[in-house]
Each structure stands twice: as structure tokens, then as C-alpha cells.
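# Notes for the structure review
Read off the chains here:
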Number of protein chains: 4
Amino acid sequence: MSTFGNHFRVHTYGESHCLSVGVVVDGCPPCLQLTEADIQPQLTRRRPGQSAISTPRDEKDRVEIQSGIENGITLGSPIAMRVMNENQRPKDYGNKTMDKFPRPSHADWTYQEKYGIRASSGGGRSSARETIGRVAAGAIAEKVLRDIAGVEIVAFVSSIGNEFLFPPTATHPSPSTNPEFLKMLETIDRKTVDSFVPVRCPNQEAADRMEKLIADFRDKQDSIGGTVTCVIRNVPVGLGEPCFDKLEATLAHAMLSIPATKGFEIGSGFGGCRIPGSIHNDPFIKAPAIPPSQSGLQSGIPRPRLTTKTNNSGGIQGGISNGAHIYFTVAFKPPATIGQAQHTTTYDEEEGVLEAKGRHDPSVVPRAIPIVEAMAAITLMDAFLAQQARASTRDLIQAAQANSKKLDGLSLNGS
Amino acid sequence: MSTFGNHFRVHTYGESHCLSVGVVVDGCPPCLQLTEADIQPQLTRRRPGQSAISTPRDEKDRVEIQSGIENGITLGSPIAMRVMNENQRPKDYGNKTMDKFPRPSHADWTYQEKYGIRASSGGGRSSARETIGRVAAGAIAEKVLRDIAGVEIVAFVSSIGNEFLFPPTATHPSPSTNPEFLKMLETIDRKTVDSFVPVRCPNQEAADRMEKLIADFRDKQDSIGGTVTCVIRNVPVGLGEPCFDKLEATLAHAMLSIPATKGFEIGSGFGGCRIPGSIHNDPFIKAPAIPPSQSGLQSGIPRPRLTTKTNNSGGIQGGISNGAHIYFTVAFKPPATIGQAQHTTTYDEEEGVLEAKGRHDPSVVPRAIPIVEAMAAITLMDAFLAQQARASTRDLIQAAQANSKKLDGLSLNGS
Amino acid sequence: MSTFGNHFRVHTYGESHCLSVGVVVDGCPPCLQLTEADIQPQLTRRRPGQSAISTPRDEKDRVEIQSGIENGITLGSPIAMRVMNENQRPKDYGNKTMDKFPRPSHADWTYQEKYGIRASSGGGRSSARETIGRVAAGAIAEKVLRDIAGVEIVAFVSSIGNEFLFPPTATHPSPSTNPEFLKMLETIDRKTVDSFVPVRCPNQEAADRMEKLIADFRDKQDSIGGTVTCVIRNVPVGLGEPCFDKLEATLAHAMLSIPATKGFEIGSGFGGCRIPGSIHNDPFIKAPAIPPSQSGLQSGIPRPRLTTKTNNSGGIQGGISNGAHIYFTVAFKPPATIGQAQHTTTYDEEEGVLEAKGRHDPSVVPRAIPIVEAMAAITLMDAFLAQQARASTRDLIQAAQANSKKLDGLSLNGS
Amino acid sequence: MSTFGNHFRVHTYGESHCLSVGVVVDGCPPCLQLTEADIQPQLTRRRPGQSAISTPRDEKDRVEIQSGIENGITLGSPIAMRVMNENQRPKDYGNKTMDKFPRPSHADWTYQEKYGIRASSGGGRSSARETIGRVAAGAIAEKVLRDIAGVEIVAFVSSIGNEFLFPPTATHPSPSTNPEFLKMLETIDRKTVDSFVPVRCPNQEAADRMEKLIADFRDKQDSIGGTVTCVIRNVPVGLGEPCFDKLEATLAHAMLSIPATKGFEIGSGFGGCRIPGSIHNDPFIKAPAIPPSQSGLQSGIPRPRLTTKTNNSGGIQGGISNGAHIYFTVAFKPPATIGQAQHTTTYDEEEGVLEAKGRHDPSVVPRAIPIVEAMAAITLMDAFLAQQARASTRDLIQAAQANSKKLDGLSLNGS
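Residues numbered from 1 in each chain as written. Chains lettered and ligands numbered in written order. Predicted model: local features only at pLDDT ≥ 70, side-chain atom pairs only at ≥ 80, totals over all residues.

## So, the overall build of chain A
Along its length, chain A carries 10 helices and 18 strands. A compact globule built from 415 residues should have a C-alpha radius of gyration of about 22 Å, and chain A, at 24 Å, falls within 12% of that. Considering only C-alpha atoms, chain A reaches an extent of 95 × 55 × 45 Å along its principal axes. Taken over 415 residues, chain A has a buried fraction of 62%. (Helix = DSSP H or I, 4+ residues; strand = E, 2+ residues; numbered from the N terminus. Rg over C-alpha atoms; globule rule 2.2 N^0.38 Å. Buried ≥ 20, exposed ≤ 12 C-beta atoms within 10 Å, placed from the backbone.)

Below you can see the structure in the form of C-alpha cells.
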């Protein structure tokens, strides 16, 4: 199924070469101020060939809202959005080579085997274009979370190939114990990330190293992978459903559903396996007073009284958010389309050489930033609604039980 | 919700201190030969304090089948299973310390915040005991997959702290390019894994290093994490649902839902970010002829005509299994319960020192083996049923369309 | 799947002849006072062979809570419950006749065709015993709804064969326009219903007619069907999800999932097709002031300002509860097991005569009362949680937007 | 949520006054021949103001396929379809009266109470226009079912007000025992139904009576309801999931989710409560040989060896299709919009008189025909895929077990 989420349900559609790609977003609460202007920026950030967050006159990948909103206010009904495909059958596809060879490490072969048919673009729904619907839906989820709890979601490139923003060291096998890293999580924002185009790694020295590495791979007609790290600030406490829908589990699901991903780690992650429990455990401390300016308070979502001194947990304990920053890292493989010739085999089991035409992107990691943010927002929004149902009903139960006790008391006194 | 899976749906229940823990397994196909004897071995493997796969006279954690099976044959109806809890309220819980302090990096605090109440055992459903239901359900899924396709699922410990079975190197940043690793994936079985007790790392030298490391941490009243690697052989081609339920995404979901996990990587994983695309791409080759002995053929599930020469993809491309071995690695953090005193804060925001009583396991990784295998089996079984629905209906469509064409032909000839 | 509900999810298991039947209830809010004593009464009401709500020393069909509750308070985790089966393989089953003949209008044949196997009891999950889990789950849902909103759910027998409590007339093709019927809906309670044993039709004259009719059919070794009408009072406004999960649609689903049901009608129902729109439309009136004693107010669930003068809608408009009483009627067919000989065919296509042994219940309608109530409660609880998630989040959005506007105002004034 | 179905999932969107209405259909099998021409006819049948199945040059409600199909063949990916709305904000809405009064028995009031906002058209998603997405999705489901199993779904008007096609009698309280009715179910087709425009009741005398009745109500500026009966022929055996998703339960859910419905009955239905069990039971008989021409056989779906002599069950026993014709009846209330003045109350609790402008349809029943057919097709398709997953996997299990036994035999012989 092409749906994600139970309460905030996202249903995407579309291949590379059909009429349009899009999404139906179901479960968005009513009475939210929302227009295309809230959605377009993230779509623009994910577009290929651009290098800054604002591309003023770019008419491409324009979202069209179909339903669910009147006069800039959500109705509570499904919000359908679509983005037109420009060339439904481009010339460089459909040539004999493409029809003969399943491209190595693409989805051509598995789609053909799964469905008994494949789209003319090869992998069909595995196309990067499918992520447009996710980004549009994510922008809505993010708007709700930001409005009501001041949630901030910021992703950035943390490595390309062997070039790291925070390389693992013997002292810090995971950046989770590195004060520099933790400091960056506090303040990093999208504007800063986008100022480091084209790499979107928010450190000039590291960004330069990464840019050079990508250029090297481009020159060799090769490709290289990397990692994206994402932080979520002002997360309401109590999100995540035991036991199968732990918050880290649904985040992992969301992230590994993005094309070209190979791994996910939350908090200390794989490096955390190498940290002694006595250091890895996050002791509790009294939470600092919240500055009155903080938006999370505006709507009345209470902040927890305790927080943790360290944050190797990555903001989640027992599958449930504890109010500290959530952060995680996602691994992206090198793009499968490379200029170099590849020895492989046709659909008909004949050996041969496949050469890709045109110029190819040697790394997709920087463009994945808004997709990672979108999936994080959708996952969090779904968990938020699940918890609201429970917590608001529990409050009603406790109020009723307290009232009932009071009435019993009155009745006893009165009798 | 405590359910996992849409077609093969697993619904677990139970805390540490209630009457029983258990599971309802819904969607198991009918006519399968199945008894407690198929389920007990994996439950026995996950028990604490044991060291070999067969513990002949052990009466603990005995599964009781409640429904869904008659005369050793599944009826197609829900299979409920339960395992009694032995001590519903042990003495070492419920003391004043436990009631005062949320344990660092446990789920006590987040459960209290989420629910407004917590189980007497603290984290409630985050207990390791909850995994009993998963292991029981996984044994059923595995039985189906093994019977009909010869699927083999084997997990083993691949690192403890800094001690690795296959340490990352400059040449092999991921073991996915290491011939030794790939060779082990071909043949490793559970019996071999269990012969390396207590560590379950199937290499004597590495197992010795790990065992010594664990002993060191035990002596220091500290704890340490590690990784589990799991291989799945004879996977039917075509499993995994675009676009949100890619097979690696549902595997990641399943694995990160296991208590104490911090990361997941499929195929080349995080190391794969460091491998050039020209090496990382898996070229296609003609699949070798299948030896007639291979069980996967018995039931008529066809094996694909092509396979890949290398397997950095980890058996999944575009979210869909390609028939090659699936393998992945899961990170487990150091256990949060340690003997050392910890400076932390009470529920009432008072600073203090928490000391855990008794002897604690310095590493849970070896015991996680059957849980990882169980969740892999459940995930695969669910994907298998989804694909069967589609593929078998597609076959009917194609047969009907072919027949219709034939009838048209006859009619034309006849007229 | 044997699950019902998305937010309050009920998962039943068990056949007639297995070890136990039971249910896992997922999504029950935490902090609810709940013990077996809240669940047993409805289980006792559904038992065969009993005739009053309270059967003091009856040890049969005793519910055992497995999990999810500590010290009489729900934890928010799954509540598993089971009821032992007494005789797993009674003597009167499994005889040659049963094995030879699929019983007419039972589920023997369809189960065999669907699964390729059938339980020794014939229809497996179609057994009336399966409803035990529903009734147990319904008792929990009902407890929540009653505590927080004063919801009252009362079902009664409204017809047996041609004997009606409110026979359709030319003036009142549906009882929805009959003042006598509407008056009964206001006050009828379970105690009154149960005082009319064995028929549970709350009108002496009608009950006598029905009892006599049932006796006639018993004497003829025949059987007869009937209808159950159910009213739900103090329903919170706003329940039901457009467009597929309209409240009447999920109620219909719930009711038609009860064994032996053949029809469902909400409000005016089938008779409503015969009432002119000018009469059928329910005009709005100002809602009467709520007496301070009314429990629905205790927890703070607001009552709507408007209500309807008439109630042909049955408390639901556009699929959403409007706060008026919900009422509906369910049709039950005559029991398929009759003493008379039946000419039919064996599994092997041979004609023959099937004779049922023993004494059989000529009408199941009175026993269906608690099952109808249970399914109504489960359906409503699920809709309630869905609406709570939305409405409580909308409130947060509106608070945040209002606050934001206020801050803007302050900022303008200050500049 | 606006989704229906688990395996064949339909997700509709759109209000009356937004840009478009539409649907995403997920789970359609690949390799199906499908174009707009398969979908448009049913959309055209549901349009207002038309009277025959084929309206050659009508450009309204034109479906645009967005995705999921290439070269007239389904890819197995989501099929998105949309239909433009013509006038997003017509003049006759938004007037002061509409803004002041919630219309009696419309959804204006409940939407406002549920969401805290309402669409300018009043009831938002309760609009008849929402059904466009259903009809489009149903056309796809129907194409699959017809191609692979020869399934035929035909609905017709069975009553308007007190005018019945088969009035209930003492002998036949339900038409299920009436040979005339059963004979009609055998052969009725859509062409015949549409030949009885505008009433779509396939009997000239009854159609005339109904037409006259509707004209009477039109003259009185009043409205009247009616019933639609639907038959499904060539249903594969074994569809429907115990215990909550019995086929009659999901059909009831589907039908009661159609706007303006008040009741559902399967087979003998409410009348069946009045038929003795000895007559109501459907004895088994050997199924007649299937003529070689029958399309259901083309694809290899086996027909059951037994059928029933009578069919009071309506083709479903124990919640599972038995291969006999499924038939059911749906009740539609009189349209709420009438020309007569109505005394009611404003949103602000002021009494007043509401008068609807313009000419209104005194009965929606004839137009509901294709909607009923669509929801029936979607429900059946979903059940079909669920059963295919199970049955095809069971076949693999049985093949493997048989093979294993054979191999054991060989091995025994050989040793």
C-alpha cells in the first residue's frame, strides 16, 4: 500500500511518466490556517538543479491543492494535492538499451519480477519523483506541529563518503557524547543549512571537503553516498506507541522508505554499542524553566518537569519521547546511475555492457534533506494524534472519577 | 497499538507482573502442521540464564496454545498463545527506591508521562518479557516460510563494544564487500551459532574476545552493547510494498521495535555510504541452476532467472526482494540496569543516588538473537501474503485475458 | 482478520472446542477503574440457559483478566481476557452424521470451502462462543463511555416472528414516528428488560405473545427469528468519520458481524422509505437545559446547544452523531439447528436426511441482547477516540492561532 | 478516514466546491487492461439529469486518470483519478439563509459540531459529489472481478415509498421465498434496468406506479425514499473474513456509508425473521454442471460442487460466500432538501422558517444504482484479495507437505 500513518494518513500516487504525482492527506485537523505558500518552499528545496531555499520565479513542481481547504482554513476533510509531470515520456528513456537491461541496483528488475510489468521509466514508484507527495504532506504536518508545540525539524548532511562533519573517534564513537555536536543540535536552522549550498553541511570546512569529494566522483563518472542527520526540537513528551510502534521504530520505517536509504540510527546509534552503560545512561535532572517566549507553551502543551543531563537516548526512552531533542541519522547509498560502463546481464540472461547517457548527479544526499524532514514530520504528527486521543480521554476519565468521588462525599455528608 | 502486520497480524499483550504474557496470531494460513514443539525451541533460546538451544527438562516459559489448531493442523483462525508469569510482584520491586526514582535510560519516566500511571515493574510493556509473544509468533511465521520456500533465518552476534566479528577497514568499510563475511552468510546455521555460547558469535577467536570484554564489564558493574547480524536465505523474489512499506522499511520498523535497539542497516548499510557507486552497484548475472535438493522448489515458488554478482543491496532493490540473501545488522545499546551508583533525580525533582540491587546482565545482545529472527520472520511472512494476493490475482487476470483473446480468435475463425 | 476498531481495537480468538476463547482489548485509556466485576455481568447475561441478569453463584464463563490492569486500574496497555472452554470435544459432535453432512444454513460448508479444513465443531469461528470476547470487550468500552459521558446502552427484543412490540402501521410504517416507541427509548433500562424473561421484550402483553410463539415453534421442532432494537442515550456529539466510516456504517458493520444477523436499520430505517420528507426531516430546536444531576456533564463533555424536534435520523446526520438518542434495529434469522429432519446433501454430493440430536433453542434473539450492546459500545468507543484526537488537536491549534494573533497585536502596539 | 478496504484500498477526496473530487485506488493488480472507457459509463450513469446509460456527447464528470496505467495496462501502482468541479461556489449557496440555518436532516449541523468549521456547501464530505470517487473506483474493481470470475453486479429500484416491486405478503414476508423475485435475480442486467428510466425499476407496471408517486411528491414540493436491491452473480466461494469482517458485515458497512441510507438487509433480511427455520434453512444440492461458455471458468477459479436449493441466506453463510447469488437491499430516506417551508432553528438558537430555492429532486433512489454497484464491487474485490492471499499460500503449504511426505517415503524406501 502507498499509505503511511494511521491517524494522519498520507497516500501518495504517481510514477515518473504519468500525468501527475500527488498525495491525499487524511486526518489533518480542521481550523488550521493553510495555503500553498506553506507547502511550496519544501517542494522547491527538494527540486533538482537548485541551490538555495528560495527560487523566486521558478514555476516548476508547483503544488495545486484540490480539496480540504476553504478560504485558507482546513476543513478537516482530506487534502488532495498534485504536481504535474512535465514530460511523460522523455526521449532518453525507452531506448533499446533501457528495454534490454535491468539497471544494476535500480528497481527495474525487482519491479518486473514483482508485478510482471514495469513502468517505462523502469522502477515505477521507486522514482525520486514519488517523494513529492511526501514533501507536500510533510509540510502540512510540520505546520501543525510548529503552530501548536513550536516543533522545529532541521536536517543536514553529516557525511559524504569518508568525509564527516563529526568523524567517529575513540573518545566519541558516536557524536552523541560530543559537546560540539550537541551544541549544533540546539541551534541549527534551515536557513543556515541552505547557506552551505550545494552540500548542505553546516560547517564550512567540512562542506568544502565534501564538495571536493563529490566533484572528484563526478569527474570519474562515479557516485558516492553519505548520511543525513536530523534534529527535532520541542517534541511533546509521551509520543510513540508501545510496543511495535515505538517512536524510533516508526521513524526508522519512515526513513528506510525513502529511496536509496541503507540505514537508520537514533541517538547514540551504532556508535552507542561501544559506549559503556555507565556513560550511555542519561541521568535525570530538573528541567530548566522555559522562557516565556517559547512557542511550545502558547497552546498549553505542558513541558515535562524532568529532562536528561545527557542525551544518548536521542530523546526517546522505551519507544516514547521524553521531551529532549530527538535526533537520528540516515544512510544513503551512492546513486545507482553512473556514467561508467557496467558489465551486467539483460532481462534475457545475456551478458553485456550498459552505459548510461547524459550527466548524472554523483550524490543525492543534499537533496534528501527536505524528504527526511517531511517523513519525520509525518511520523511525529501521527504519533501526536494517537497520544491526543488517549491523553484527552484519560483526562475525562480522571475528571469523572474525581467528580464521582466528590459526589459520593457529598452524599455521605448529606445522609 | 500492540499489533504488527496487516496480513499476518501479531497482537501481543502482557507486562512483567501480570498473570500471563501472550499473543494472538491472526492470518496464519490453514492446513499447516503445527504444534507447541514448533514454537518452544525459540522461546527456550530467548530465556535468560540458559546457554544452549536444547534445554531438555526446562519447564519455564512453556507456551500454551489456546486456539486455532486442531489435531496438529492450523484451522486458519487466530492462534492464541500464552506463557504464565511466574512471580507477579517480586520482592525486589516495589521498594521505596524504585518508587522514588525513574531509572536512567529505562522507560519508567516516559511511561509515567505518557499514561499518567506506570506498572509496578516500571516500564510496563517495554519489558523484555513482552518479546515472548513475538518469539512465539515468529516461530509460526518461520515454519510457514521454511515449509513452502525453504526460507532460513539465522542471526548471530557481530560485535560487542569495540570487538567485531568483521571490523570495518579502509578496504571494507562495510562487510558487504568482504568475501569472508559473504561466505559465512551462505552456510551459518543456528546450531553453529549456539555452539558459541554464551556469546553466540560464530568465530572462536572473536567470541573469546567478546566474552572477555563482557566479563570485564561485569566486573566493573557496568554494561556494554553490541550488534546482531541476521541473514535470510531462499527469500522469494518480489516481497515488499512500494512505496512506504519497502521491505527494508518494514524490517527496520520491526527491528527498532525490539527493546534496547538503536540502529538498523540493510546490506552495505552505513559503511555503504563510503563505497563508490561503481563498486556498490550489484551487476546482474544469470542465476545458477538450483540443486534439486533445495526445499524452496518443492512447493513451486519459482526462483528468479537472474541474480546479482555482488550483494551490497542486501537482497532488496527498490524496496523489493530480488531473491538474493537478505542481511541486516541491528544495534543494541548497553543495558540500562547497572550495579554502579547513578546520580540522578527523583520523580519529585530531588537529586539523589540510585543503586540497583542484585546481579545484572552486562550485555543482552546474545539473548536478542531469537527475537531478531522472530521479527524478521513475521515481517517476511506479512510481505509474502501481500504479494501472494496480488500475484495470484494477476495470474488469474492474465489467464482470463489470454483465454478471451483465444475465444476472440476462435470466434473470428468461426465466422 | 479477527480485529475490530482502529483506536479501541478488539481482537478475539477461539473456537468452540479449543482450550479457551478470549480477547485482547487494545487502546483502552489508562487510569480507568476496572475489575472483573465490571465485565462478568454482561458475560453472564449472554450465557445460555439463564434467565436473569444476576446469577449469583454461577461459576461458568468466568472471565480471567491476563494483563493491562494493576490494583484495579488500567495501565493503558492491552487488556487480555480469557474464558475457558468446558468441553473441548463434546460427545454429540464428531459423529458420523456431522462429518458427512454440511448442516443447512450453518457455516460448515463455507468454512470447508474457504479454508480447506473445518473445526470439529463445524463452523469454527462462526460459533456463538466467539461472541464471549466481544461481550467482555464491550463491557470495558461501555464502562469508559458511561463514566465520562453518562452513555447508556440498552437493547431489547422488538419482534419475534410476526409478533411485534410496535407493529408497523399505515400511520407509522416505522416506529420512529410513534410517540409510544420514542417514550420507551427515553427510559428503558437493562433491569426492566431482564425482568421480562425469558423474552426480554419490555411489554408484558407483547412478551406473552412472543413467548407463546416461541413455545409453538419449540413444539414443532422448528425455529423462528426476530429483531433486537437498541438505544444509546447521552451520545457525545460529533462521532463518526466521513465518508466511509459514518457512524451508522460502522454500527451496521458491527451488528452484521454478529452471527445469525440478516439486517440493520438506523432511525426510521426501512419504514423511513415510506415517510414523506416533510415529515421525515428533523427540524432543529433549542436543546433543553440539562439537569445538573446528569452524568454526561461531570467530565466536561459539552452537550450541543441544538437538538432535533423529531428523531427519524436516529441520532445520526451525515454519518455524525448529533447528540440525540441513537437507535437501531437488528434482524436475526431463525436458528439453523432444528429438530426436524432435513433433506440435504453430503459433502460427497450424496442426497440424504440430516436429523439433529438433542433439544435446540428455537430462538436466539433474547440471548443476543448483550452482544448487540457490546458491539454498540465498542463501535462508539472507537469513534469517540477518533474524534478526541481531532478535536483536542483542533483546540490546541485554535489556542495557538489566537495567541499568535494576540502576540502580533502586542508587537504592533509596541513598535 | 476517507479510506475503504485493506487490500483494494479506495481513498476519496473532495467537497462540492473545491477544485476537484477524486480517488486514489491502491492495490489494483497489475497487468489489467484498463482505460477511461472502462470507468466513464458508471460515472455517467450516476450523473443527475440524465436518463439513459449512454449519453454520447456529454462532457460532464469526465474522469482523468493521473497515474498507475501505461499503454492501457495497470502497473500495480496506485491509480489516481479526478473529476473537476464545475462551479466551485455557486450563487445559490452562501446566501444569508444558508449561513443562518442548519438544514433539517442535512449534515450542516453535525459537521459544524464535529469540526468547528463547515464547508461553504454545508455538509462538506457528505455531499453526493463525494460518491464520484467511489463509482470510479468501483468500475475498476468490477472490471477485475468480471474478467477473472465473470462476476455480474446489477442493482435496481425495488420500492419507492409504498410502491413495491415485490410487496411483502403473508406468504412471502421476504421476497427471498418468491419464485418471481428469484427468477429476476437470475437474468436482470443493467441495460434492462436502464430501459426503465427514469425509475430504474425493471417491471413496467411497478415502474409506472413509482413514477406516478414521485410525480405526486414533486408536485407537493415534498420528497420520498425507497429501496435498491442488488444482485451479484458468479461470486467466488470463500469470500468474507471471520469474524468481524463477515461478507455481509462489510457489505453493510459499504452500503450504510452511502449518503442518505437508513438500512441494509442481506438475503431474507428483516422478512426472514418471520420465516420458520424449517423453510428458511437452505438445504444443499449438487451444483449443476457449468455451461462451457461461462466466463467464471475461464481463469481457473473453481466453482463449488454443492449449492443450495433455496437461497434465503443470500449467498453468504457464516459470513462467507457460498457461491450462490448474493443479493441485498438498501433503504434510502426521502431527500432532505424539499421545497416546502420548514419551521426550524438557526445556528444561534432562534426559531424561524427555512425555504429552499429552486427545483429539487423528489427521490434520489434511481441515481443511487451505480453507487450501490460500485460499493458492492469494491467490497467484493477487497474480500477476494484477502482470500487469494490465504488460499494461494495454503496451496503452497499443502504442496510442500505432500512433497515432503513423498520425499520421506523415497528416503525410507531407499534406506
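## Let's talk about the nonpolar core
Within the largest apolar cluster, 424 residues are counted, with the highest numbers of intra-cluster contacts made by Val372 of chain A, Val372 of chain B, Val372 of chain C together with Val372 of chain D. Beyond its immediate sequence surroundings of up to four residues, Val372 of chain B is in contact with Ala155, Val228, Cys230, Met255, Ile258 and Val330 of chain B. (Core = buried A, V, L, I, M, F, W, Y, C linked by C-beta atoms within 7 Å. Contact = placed C-beta atoms within 7 Å.)

## Some remarks on the sheet that holds strand β7 (residues 79-84) of chain B
Residues and elements named next belong to chain B. In spatial order, the strands read β1-β2-β3-β7-β4; together these five strands make up an open sheet with antiparallel pairing. The open sheet has two free edges, formed respectively by β1 (3-4) and β4 (64-65), since each of these has just one partner strand. The sheet contacts of helix α4 (residues 131-149) involve β2 (9-13), β3 (20-26) and β7, and relative to β3 the element is tilted by about 35°. (Pairing = 2+ DSSP bridges. Axes fitted to C-alpha atoms, helices over the stretch in contact; angles between N-to-C directions.)

## Quick word on helix α3 (residues 108-115) of chain C
For α3 of chain C, the tally of buried residues reaches eight of eight residues, placing the bulk of the element in the interior. Looking one or two residues beyond α3 of chain C, the residue adopting positive phi is Gly116 of chain C, at roughly 80°.

## Some remarks on the packing of helix α1 (residues 36-46) of chain C against helix α4 (residues 131-149) of chain C
To characterise two packed helices, one gives the angle between the axes of the helices and the distance between these axes. All names here are of chain C. Close contact between α1 and α4 brings their axes to 8 Å; oriented N to C, the two are set at 140°. The angle between α1 and α4 places the two elements in the oblique class. Handedness of the crossing formed by α1 with α4: right-handed. Contacts between α1 and α4 involve Asp38, Ile39, Gln42, Leu43 and Arg46 from the first element and Thr131, Ile132, Val135, Ala136, Gly138, Ala139, Ile140 and Lys143 from the second. Partitioning the contact of α1 with α4 into residue classes produces seven nonpolar, three polar and three charged. (Parallel < 35°, antiparallel > 145°, perpendicular 65-115°, else oblique. Left-handed = near helix turned anticlockwise from the far one by under 90°. Nonpolar A, V, L, I, M, F, W, Y, C, P; charged D, E, K, R; others polar.)

## Here's the deal with helix α7 (residues 204-219) of chain A
All names here are of chain A. With 16 residues, α7 extends 22 Å from end C-alpha to end C-alpha; this agrees with the ideal 22 Å at 1.5 Å per step. Buried within α7 we find Ala206, Ala207, Met210, Leu213, Ile214 and Phe217. For α7, the angular spread of buried residues about the axis comes to 125°, placing them on one side. In α7, the exposed positions that point more than 90 degrees away from the buried face belong to Gln204, Glu205, Ala215 and Asp219. Tucked inside the fold, the buried residues of α7 contact β8 (152-160) and β9 (163-164). Positive phi shows up at Gln221, right after α7, with a value of about 50°. (Expected span 1.5 Å × (residues − 1). Arc of directions from axis to C-beta.)

## Quick notes on the environment of Asp348 of chain B
Residues and elements named next belong to chain B. Along the chain, Asp348 turns up in the loop between β17 (342-345) and β18 (351-354). The exposed category is assigned to Asp348, around which 11 C-beta atoms lie within 10 Å. Counting along the chain gives 248 residues from Asp348 to Lys100, while the straight-line C-alpha distance between them is 7.8 Å.

## Concerning the interface of chain C and chain B
Listed per partner, the contact involves 35 residues of chain C and 35 residues of chain B. Put simply, the parts of the chain that give the side of chain C that touches chain B at least two residues each are β2 (9-13), β3 (20-26) and β7 (79-84) of chain C. A total of four residues in the side of chain C that touches chain B trace back to one element, the largest contributor, which is β3 of chain C.

## So, the interface of chain B and chain A
Facing 92 residues of chain B, the contacting portion of chain A comprises 92 residues. A total of six residues in the side of chain B that touches chain A trace back to one element, the largest contributor, which is helix α8 (residues 247-256) of chain B. Per-class residue counts for the side of chain B that touches chain A are 34 nonpolar, 40 polar and 18 charged. The sheet contact formed by strand β11 (residues 261-266) of chain A and strand β11 (residues 261-266) of chain B spans three bridges and is antiparallel. From the neighbouring strand, Gly263 of chain A faces β11 of chain B, where its bridge partner is Glu265 of chain B.

## Looking at unusual backbone geometry
For the bond running from Pro242 of chain B to Cys243 of chain B, omega is -5°, close enough to zero to count as cis. Within the fold, Cys243 of chain B resides in the loop between β10 (226-233) and α8. One non-glycine residue, Ala260 of chain A, lies in positive phi territory at about 75°. With respect to the element layout, Ala260 of chain A can be found in the loop between α8 (247-256) and β11. A positive phi angle, close to 60°, is found at Ser105 of chain C, a residue other than glycine. Relative to the helices and strands, Ser105 of chain C is located in the loop between α2 (96-100) and α3.

## Quick look at the relation of the copies chain C and chain B
If you rotate chain C by 180° and push it 0.0 Å along the axis, it lands on chain B with an RMSD of 0.0 Å. The symmetry that links the two subunits is that of a two-fold axis. A high fraction, 100%, of the interface residues of chain C reappear at the interface in chain B, so the copies pair face to face through one surface. (Least-squares fit on C-alpha atoms with pLDDT ≥ 70 in both.)

## Considering the sheet that holds strand β9 (residues 163-164) of chain C
Spatial ordering of the open sheet is given by β9(C)-β8(C)-β10(C)-β16(C)-β11(C)-β11(D)-β16(D)-β10(D)-β8(D)-β9(D), a layout of 10 strands whose pairing is antiparallel. What marks the edges here is a single partner per strand, and that holds for β9 of chain C together with β9 (163-164) of chain D. Summarising the sheet, strand β8 (residues 152-160) of chain D and strand β10 (residues 226-233) of chain D pair through eight bridges and their orientation is antiparallel. When the bridges of β10 of chain D are listed, Val157 of chain D appears paired with Val228 of chain D.

## Details of the confidence of the model for chain A
All names here are of chain A. On average, chain A scores 90 in pLDDT, and the residues at 70 or more come to 90%. Here residues 51-58 is modelled with pLDDT under 50, and outside its nearest four sequence neighbours on either side it reaches 11 contacts, counting other chains as well. Reported confidences for the modelled complex are a pTM of 0.96 and an ipTM of 0.95. (pLDDT = per-residue confidence, 0-100.)

## Some words on the pairing of strand β16 (residues 326-332) of chain A
Residues and elements named next belong to chain A. With seven of its seven residues buried, β16 lies for the most part within the structure. Neither face of β16 is left uncovered, since the one carrying Ile326, Phe328, Val330 and Phe332 and the one carrying Tyr327, Thr329 and Ala331 both have all their residues buried. Of the pairings in the sheet, the one linking strand β10 (residues 226-233) to β16 comprises seven bridges and is antiparallel in character. By the bridge assignment, Thr229 is partnered in β16 with Thr329. The pairing of β11 with β16 spans five bridges and is antiparallel. Residue pairing for β16: Phe264 is matched across the bridge by Val330.

## Overview of the relation of the copies chain B and chain A
Note that the two copies of the chain are related through a rotation about an axis and a translation along the same axis. When chain B is fitted to chain A, the best match, at an RMSD of 0.0 Å, comes from turning it 180° and sliding it 0.0 Å along the axis. Interface overlap between copies: 100% of the residues of chain B at the interface are likewise at the interface in chain A, consistent with a symmetric, same-surface contact.

## Describing the pairing of β2 of chain C
Residue and element names in this part refer to chain C. Along β2, five of the five residues are buried, which leaves the element largely enclosed by surrounding structure. Where burial is concerned, the two faces of β2 agree: the one with Arg9, His11 and Tyr13 and the one with Val10 and Thr12 are both buried. Sheet topology places strand β1 (residues 3-4) next to β2; two bridges connect them, and they run antiparallel. Its bridge partner being in β2, Thr3 is matched across the sheet by His11. Where β1 folds back on β2, the antiparallel hairpin that results is connected by four residues, among which Gly5 adopts a positive phi of roughly 95°. Pairing between β2 and β3: five bridges, direction antiparallel. If you follow Arg9 over to β3, its bridge partner there is Asp26. Remark: six residues form the turn of the hairpin made by β2 and β3, two consecutive strands paired antiparallel; Gly14 in that turn has positive phi of roughly 110°.

## Digging into the environment of Asp189 of chain D
Residue and element names in this part refer to chain D. For Asp189, the position within the fold is in the loop between α5 (179-187) and α6 (190-195). Given 13 C-beta atoms within a 10 Å radius, Asp189 is considered partly exposed. Separated by 42 residues in the primary sequence, Asp189 and Val231 have C-alpha atoms spaced 9.7 Å apart.

## Thoughts on the environment of Gly277 of chain C
Examined against the element boundaries, Gly277 of chain C turns out to sit in helix α10 (residues 277-280). Taking the C-alpha atoms as reference, Gly277 of chain C lies 51 Å from Lys60 of chain C; in sequence the two are 217 residues apart.

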